[in-house]
Amino acid sequence: IFLQKINGKINTNSNSVIEHLYTFPHIAKSINSAKTYILKETKENDKIIILPETQFLNFLTKRVGDNLYDSLTPMYFETFGEEKIINHFAETKPEYFILNNRNTADYGKRYICDDYGKQFCNFVKNDYKNVATFGEKQYILQVFKRKDLL
């Protein structure tokens, strides 16, 4: 029964050994839609930060992320401090952020922007514009583009 539910296909479009990956259909739909958008709407040298996790999209699209904060689960905020994280991204000015509603309860808090990282999310929403949203309910990806690039 479990394997029957894991029938959402993600095409890697890469020269790697893995041609397709499978996950739940709603996750595959969100990732495939975001991947198509990124490949069509962004430049190859654009830096795209995908949080709290899902750097897999960086791999699929061959777009770079951030070398320091490649994930922002609750423990990152607790360890480094929200102000330091905000200052880092204010300095490095990535072209895009993609925020998702992945449940991070296994790290102690459930959702970025709701249960943790609220100041960080305010920074993103003040300096970036939501230009696309993919998915529904359990796996939504919101794409934010830096306002000075619009």
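A. Quick look at the nonpolar core. Formed by 20 residues in total, the largest nonpolar core has its most connected members in L72, F89, F97 and F120. Breaking this core down by element, the ones donating at least two residues are β3 (48–51), α4 (74–80), α5 (82–92), β4 (96–100) and α6 (118–127). Looking at this core, the element that brings in the most residues is α6, giving four residues. With residues near it in sequence (within four places) discarded, F89 still touches I49, D66, Y69, L72, P94, F97, F120 and F123.

B. Up close: the sheet that holds β4. On the basis of which strands lie adjacent, the open sheet formed by four strands has the order β3-β4-β6-β5 and mixed pairing. Edge strands, defined here as strands with exactly one partner in the open sheet, are β3 and β5 (128–134). For this sheet, the mean angle separating the axes of adjacent strands, direction not counted, is 20 degrees. Taken together, the four bridges between β3 and β4 define a ladder with parallel strand orientation. If you follow I49 over to β4, its bridge partner there is F97. Helix α2 (residues 25–41) rests against β3, β4, β5 and β6 (141–146) of the sheet, and its axis sits at about 130 degrees to β5.

C. Focus on unusual backbone geometry. Along the chain, L51 connects to P52 via a cis peptide bond; the corresponding omega equals 5 degrees. As for its placement among the helices and strands, P52 is situated in the loop between β3 and α3 (56–61). Positioned with a positive phi, K93 is a non-glycine residue whose angle comes to about 45 degrees. Of note, K93 is situated in the loop between α5 and β4. Even without glycine at this site, C113 takes up a positive phi of about 80 degrees.

Analysis parameters
Residues numbered from 1 in each chain as written. Predicted model: local features only at pLDDT ≥ 70, side-chain atom pairs only at ≥ 80, totals over all residues. Heavy atoms only, no water. Core = buried A, V, L, I, M, F, W, Y, C linked by side-chain atoms within 4.5 Å. Buried < 20%, exposed > 50% of the residue type's maximum accessible area, 1.4 Å probe, protein only. Helix = DSSP H or I, 4+ residues; strand = E, 2+ residues; numbered from the N terminus. Contact = heavy atoms within 4.5 Å. Pairing = 2+ DSSP bridges. Axes fitted to C-alpha atoms, helices over the stretch in contact; angles between N-to-C directions.

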